[in-house]
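What the coordinates show
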Amino acid sequence: MALTDIKTLAQELSKEYNAPNPDLAKCGQYLSKLKIALIELQYLTHEGKHNNIEELTLARDVLEIGAQWSVRTKDIPSFERYMAQLQTYYNDYSELPTSPLKYNLIGLNLLCLLSQNRISDFHTALETIESQELLNNPAIQHPIKLEQSLMEGSYNRVWSSRADVPSKEYLFFIDILMDTIRNEIASCSEKAYSSLPLKDAGTLLFFTNMEDILNFAKERNWKVNPVEQKAYFHSDADERISIPANQIIKQTMFYARDMDRIV
Amino acid sequence: MSEAPRRSSRLNKNQEEDTKGKVKAVDQDVEMEESATTSTETPKEKVLGAKELEALAIADIKQHFVLFTKSAKTHEARFAIRALRSVSSLRKRLTVAVLARTIASSYGKDDEARKLLLGYLGSEALGSITPEDEVTVTKFETPEVDVYLHLLVMIYLLDQNQHEKGIELSNITVKVVQDLNRRSLDQLAAKVYFYYARFYEVTGRLAEIRPTLLNAQRTATLRRDDDTQSTLINLLLRNYFHYNLYDQADKLVSKTTFPENATNNQLARYMYYLGRIKAIQLDYTESHQSLLQAVRKAPQNNVTAGFQQEANKLLIIVQLLMGEIPERSLFRQPVLRKALIPYFQITQAVRVGDLNKFQETLAAHSATFHADKNYTLILRLRHNVIKTGIRMISLSYSRISLRDVCLKLHLDSEEDAEYIVAKSIRDGVIDATIDHEKGFMRSKENVDIYSTNEPQHAFHQRIAFCLKLHNDSVKAMRFPLKTVNQDAAEVEAARDQERTLVQEIAEADEDMDEDHDEL
C-alpha cells in the first residue's frame, strides 16, 4: 500500500473516530488495515531509519487513536500493546512535535497499571515523566493522587475522584479500580471490626441497595444475622500458632555443618 | 529546562571523583613486593622545579610501560592493575609537554599513532619536544603501551574540556581496542570505555553510544573479561538512569550477572544502581540491602564524598519507607552533614508523624529533591507519616474517638480516618479494633514478642550472616604461589642435607667399626 493510501485511510479513521457516534467496529477494521500497512513500511518495527517527521507523526497518530479505541472497546491487552509501541515515539524521537494526546494517554496508561494493581510498574512508568509535567499536568496528577489515596487508605477520595476525571476514557479504568477498592475495604473491615450493621457496611463499600450488599457479603463469606441486620466477621482467635519444627531442624543442621567446617 | 544540565554536570563530578578515589583507596591487597612507586614522590614535588616534575612524570609513565609489558608477557593482570591505579596521581601532573615528550620518545618518527596523538594535543605539543627525546626512542613491542598512551591523551583532553576532540579520539581508541582483541588489554579496555562514555555524557549525547556499549558488553561477557564487563554494565545503567529509563535498566540487570571478581568500586556503583531500581519498584528490603553494601564498599574518604552523599540520601529514604528511622549519627558525619539537611528534616517529620511539617519540608526543599531525582520516592513517604502518626496514637491511647484521630492527623474527614485506621489494622501497623457504631478505635494490648517466632528468626539471620562471612573470608584468602614452591625446595634441600648427614654419620660409624676391626 502506498503512503498516500495510508494517509487517506488514516484520515477516514480519525473522521470516523471523532464523529459524535463513532462506529467502533468500523474503526477496528480501519486500524487493522493501517497496522498491516505500517508494518510493511517498517514503521512499527523500527528497523529502518525514519527521519520524515510527517510520516512519523502519521504513524503516531494512528497508534494514538488505536490506544483510545482499545479503551472504548474495553480491550486492555490491546491498549497495552498500543502503549508499548507509542513509547518509542514519545521517548526516542525527540525531533517529533509533542502530541496533544501524549500526557492524556500516559495518564491512562498509569491508571491502567493501577487498576491491575501493578504498583511497581506504575512507579517505574512514573519515573520516565518529566518533573514539570509530573507536578502540573492534570492528566498525570489524577492517577498520582489516586495512587496516594489508595496507599493511605482514603478510599473516600478515590470514590470522589470519579467526578473530576480529565477525560471520559479514564472512567473505564476507574470502574475497574472500584471493584479492587471494594475488596480492599472489605478485607480491611474484616480485620478492623468484629461486626458491622449492614447499612453501614453499605455506605463503607459505596453500595446503594441492600441486595448488592447481601450478594457481596455472600461472596466474602460474611455471616449475616437477618434479625439484627448485622454482618459478623470471623475472628482470628481460633488461629493456632504452630511450632515451625521442620524449619528449625533445617537451620540447626545447617549450623552444625558449618560449625564442623570451621572446627 | 535549565535544571537538568546543571544537575547532571554536578553528578558527573561526583562520579568522576569517585573514580579518582577508587584507584587510590581500594586494593590494598596482597601487593607485597615493590609498592612504593608513587607514594614517595609526594613530599619531593614541592621542592622540585617544573622541569624536574616533568621528568619525573615521564619517568613514571615509562615505568608504567614496563609494567604493562611485563603484564602482557607474564599474563599476570596485577601489574597492569598497579599501573592503572597510579593513573589518578599521574593525572594531576599531565601536561602537554609531558605527553608530547613521552610520545616522541616512544614512537618512531613516521609512526601513524605518533602523528595522530600529537595532532590531538595541538600545536604546542610539537614545540615542547626536545631533540634528546627523539634520539632515545625506545620502541615498545606491546600494543598495551600504545593503548595506554591513547588513554592518557584522552584523560588530558577531558581535563582540558576539549570534548569534541576527546570524542573523536575515544572513538578511534575503542575501535583499536576492539580490533586488537587481546586478553592483556582487558583492564585498559575498561578504562577506555569509561572515558569514552564520559566524553559522550559531558556533551549530552549518551543515547548515541548505547548500541556500542551493549555490543561491547556482550563481547566482554563471552570472553569472561570481568573488568570490562563490570565497567560496561555500570556505564549502561548510568546511561539508562540519565534518561530515567528504569524499565530498561531493570531488564538489563535481570539479564546479566555482575561478575563476582569486579573491583570494589564497580561493585559499590552497581549496588547503588540496583538499590535505586529496587526502590522505585517498591522492593524496599532488597533496595536497602544493596544500598547498605554500596555505602560500605565505597571508599570512605573525601574524594568519594559525592557518591557517599548520593547513596546515603537514597538509603535514608528507603529506610524511612521501610518504617525505620536512620541513626542520628549518620547526619553528623562531616562529609554528609550539609548535603543531608533536607533529608534530616524529612526524617524528623516522619519520626514524629507530623503531616503538616512533612508537607512544609517537602515544599521548602522540593527543588533539591527534584535535582536528586528523589522527589517521587519522598512523595511515597506521606503515607508512612500517617502510619507513624496512627501508631503513636494507638500506643498512647487505649481508646480514642475517630474524630480526634482525624484532627490529630490533619485528615480531611472522619470517614477518611475510619478507612485509614482500618487499613493500618489490616496492614499490621497497629493492633486495634474499631467500633463503628460508637465511632472510636480501641487498641489491643501489646503481644509479648518473645512468645512469637520473631526472636528465632532474627537469631537465624545473624548466625547465617556470621557463617557466610567466615566462608567468604576463607574463600578470599590468597597464598603466594612462589614461596610455597620455595618452601618446598627448601624442605627438599634440608631433607637432602639431613640425608647426607645421616649417611655421613653412618659412614663414620662404619669407618669406626672398620677401625675397630683393624684394631
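Residues numbered from 1 in each chain as written. Chains lettered and ligands numbered in written order. Predicted model: local features only at pLDDT ≥ 70, side-chain atom pairs only at ≥ 80, totals over all residues. Heavy atoms only, no water.

As annotated in an unreviewed UniProt entry, chain B carries the name Proteasome regulatory subunit C-terminal-domain-containing protein and comes from Lobosporangium transversale.

Chain A is annotated in an unreviewed UniProt entry as SAC3/GANP/Nin1/mts3/eIF-3 p25 family-domain-containing protein from Lobosporangium transversale.

A few words on the overall build of chain B. Assigned secondary structure in chain B consists of 27 helices and three strands. With 519 residues in all, chain B has 48% of them scored as buried. Considering only intrachain contacts with a sequence separation of at least 6, the fraction spanning at least 24 residues in chain B is 68%. (Helix = DSSP H or I, 4+ residues; strand = E, 2+ residues; numbered from the N terminus. Buried < 20%, exposed > 50% of the residue type's maximum accessible area, 1.4 Å probe, protein only. Contact = heavy atoms within 4.5 Å.)

For chain A, the count of helices and strands is 13 helices and three strands. Within chain A, the proportion of its 263 residues that are buried is 47%. Contacts in chain A between residues far apart in sequence, at least 24 positions, make up 61% of those at least 6 positions apart. For chain A, the computed accessible surface area is about 14,200 Å², with 52% contributed by carbon and sulfur atoms. (Areas by Shrake-Rupley, 256 points an atom, 1.4 Å probe, with all protein chains shown as cover.)

Let us now look at the interface of chain B and chain A. Contact residues are listed per partner, giving 36 residues for chain B and 43 residues for chain A. Approximately 3,900 Å² of surface area, both sides summed, lies buried where chain B meets chain A, with 59% of it carried by carbon and sulfur atoms. Ranking the residues of chain B by area buried against chain A places Tyr419, Arg426 and Leu467 of chain B at the top, with a combined share of 18%. Here chain B is connected to chain A by three salt bridges. For Glu152 of chain A, the salt bridge goes to Arg382 of chain B, with nearest N and O atoms at 2.4 Å. Between the two partners, chain B and chain A, sit 14 residue pairs in polar contact (both at pLDDT 80 or more). Broken down by secondary-structure element, the contributors of at least two residues to the side of chain B that touches chain A are α15 (246-255), α22 (375-379), α23 (382-396), α25 (414-426), β2 (432-435) and α26 (454-476) of chain B. Counting residues per element, the side of chain B that touches chain A draws most heavily on α25 of chain B, which supplies nine residues. Its residues placed into classes, the side of chain B that touches chain A shows 13 nonpolar, 13 polar and ten charged. (Buried area = accessible area lost by both parts, 1.4 Å probe. Salt bridge = Lys/Arg side-chain N within 4 Å of Asp/Glu carboxyl O. Polar contact = N/O pair within 3.5 Å; in protein donor to acceptor, adjacent residues only side chain to side chain. Nonpolar A, V, L, I, M, F, W, Y, C, P; charged D, E, K, R; others polar.)

Here we take up unusual backbone geometry. For Phe206 of chain A, which is not glycine, the phi dihedral falls at a positive 60°. Turning to its location among the elements, Phe206 of chain A is positioned in the loop between α11 (198-204) and α12 (210-219). The phi dihedral of Lys373 of chain B is positive, around 60°, even though this residue is not glycine. Tracing the sequence through the fold places Lys373 of chain B in the loop between α21 (366-371) and α22.

So, about helix α18 (residues 305-321) of chain B. Side chains of residues three or four places apart in an α-helix project in the same direction, reflecting 3.6 residues per turn. Under the 1.5 Å per step criterion, the end-to-end length of α18 of chain B is 24 Å for 17 residues, consistent within 8% with the ideal 24 Å. Once α18 of chain B finishes, Gly323 of chain B follows within two positions and takes phi at roughly 90°, a positive value. (Expected span 1.5 Å × (residues − 1).)

Moving on, we get to a nonpolar patch on the surface. Nonpolar side chains collect at one region of the surface, where Met210, Leu214 and Val224 of chain A lie side by side and expose about 210 Å² of accessible area between them. Its place among the elements puts Leu214 of chain A in helix α12. (Patch = residues over 30% accessible without salt bridge, like charges linked within 9 Å, V, L, I, M, F, W, Y side chains within 5 Å.)

A separate point is the packing of aromatic side chains. All chains considered together, the criterion is met by 17 aromatic pairs over all chains. Note on Phe79 of chain A and Phe173 of chain A: the rings are 5.7 Å apart at their centroids and 50° apart in plane angle, and the pair reads as tilted. A residue pair is termed long-range when its members are at least 10 positions apart, and Phe79 of chain A in helix α4 (residues 76-91) and Phe173 of chain A in helix α10 (residues 169-192) qualify at 94 residues. No difference in accessibility class separates Phe79 of chain A from Phe173 of chain A, as the two residues are buried. Summarising the aromatic geometry, the rings of Phe241 of chain B and Tyr246 of chain B are spaced 4.9 Å apart at their centres and angled 65° between planes, so their arrangement reads as edge-to-face. Its relative accessible area of 8% is what places Phe241 of chain B among the buried residues. An aromatic cluster is present here, built from Phe241, Tyr246, Tyr272, Tyr273 and Phe307 of chain B joined pairwise through their rings. Here the basic side chain of Arg399 of chain B rests over the ring of Phe440 of chain B, its NZ or CZ set 4.2 Å away from the ring centre. (Phe/Tyr/Trp six-rings, centres within 6.5 Å; stacked < 30°, edge-to-face > 60°. Lys NZ or Arg CZ within 6 Å of the ring centre and 35° of its normal.)

Residues and elements named next belong to chain A. The strand order across the open sheet formed by three strands is β1-β3-β2, and the pairing between neighbours is antiparallel. Two strands in the sheet have a free side with no partner beyond their single neighbour: β1 (195-197) and β2 (223-225). Ignoring strand direction, the axes of neighbouring strands in this sheet form an average angle of 25°. (Pairing = 2+ DSSP bridges. Axes fitted to C-alpha atoms, helices over the stretch in contact; angles between N-to-C directions.)

Residue and element names in this part refer to chain B. The strand order β1-β3-β2 describes an open sheet built from three strands, whose pairing is antiparallel. Looking at strand neighbours, the two that pair on one side only are β1 (399-401) and β2, the edges of this open sheet. Across the sheet, the mean angle separating the axes of adjacent strands is 20° when strand polarity is ignored. Strand direction decides the pairing type here: β2 and strand β3 (residues 440-443), joined by four bridges, are antiparallel. Pairing of Asp435 across the sheet is with Phe440, part of β3. Packing against the sheet, α25 makes contact with β2 and β3, and its axis sits at approximately 150° to β2.

With that out of the way, let us pick up the confidence of the model for chain A. Keep in mind that low pLDDT regions are not for reading the predicted coordinates in detail. Within chain A, residue pLDDT values average 78, and 89% of them lie at 70 or more. Of all helices and strands in chain A, the one with the weakest mean pLDDT is helix α1 (residues 3-18) of chain A (74), whereas helix α13 (residues 245-262) of chain A scores best (88). (pLDDT = per-residue confidence, 0-100.)

All right, on to the packing of helix α6 (residues 96-106) of chain B against helix α7 (residues 112-121) of chain B then. Angle between the axes and distance between the axes are the two parameters that describe a pair of packed helices. All names here are of chain B. Between α6 and α7, whose axes approach to 10 Å, the crossing angle comes to 170°. With respect to α7, the axis of α6 lies roughly antiparallel. Contacts between α6 and α7 involve Leu99, Ala100, Ile103 and Ala104 from the former and Arg114, Leu117, Leu118 and Leu121 from the latter. Considering only residue class, the contact of α6 with α7 consists of seven nonpolar, no polar and one charged. (Parallel < 35°, antiparallel > 145°, perpendicular 65-115°, else oblique.)

Residues and elements named next belong to chain B. With respect to the element layout, Phe331 can be found in the loop between α18 and α19 (341-352). A relative accessible area of 5% means that Phe331 is categorised as buried. Between the C-alpha atom of Phe331 and that of Asn312, which follows or precedes it by 19 residues, the distance is 9.6 Å. Residues contacting Phe331, with those up to four places away along its chain left out, are Ile316, Pro326, Arg337, Leu340, Tyr343, Phe344 and Thr347.

Residues and elements named next belong to chain B. Bridge analysis of β1 against β3 gives three bridges, and the strand direction is antiparallel. Paired with Ile400 across the two strands is Met441, which belongs to β3. Linking two consecutive strands that pair antiparallel, namely β2 and β3, is a turn of four residues; a positive phi of about 70° is found at Gly439 within it.

This next bit is on the pattern of salt bridges. On inspection of all chains with the given rule, the structure shows 23 salt bridges over all chains. As a salt-bridge pair, Asp61 of chain A and Arg60 of chain A come within 3.9 Å of each other at their nearest N and O atoms. The exposure class of Asp61 of chain A is partly exposed, given its relative accessible area of 33%. The partner of Asp121 of chain A in a salt bridge is Arg118 of chain A, with the nearest N and O atoms 3.0 Å apart. Given the relative accessible area of 31%, Asp121 of chain A is considered partly exposed. Owing to a relative accessible area of 30%, Arg118 of chain A belongs among the partly exposed residues under this scheme. Each of the salt bridges in this network shares a partner with another, and the network as a whole consists of Glu152 and Arg157 of chain A together with Arg382 and Asp416 of chain B.

Moving on to the environment of Asn171 of chain B. All names here are of chain B. Looking at the secondary structure, you find Asn171 in helix α11 (residues 163-180). On a C-alpha basis, the gap between Asn171 and Tyr193 in space is 9.6 Å, while along the polypeptide they are 22 residues apart. Excluding its chain neighbours within four sequence positions, the residues that come into contact with Asn171 are Tyr196 and Tyr200. Here the side chain of Asn171 touches Tyr200 through a polar contact of 3.0 Å, side chain to side chain.

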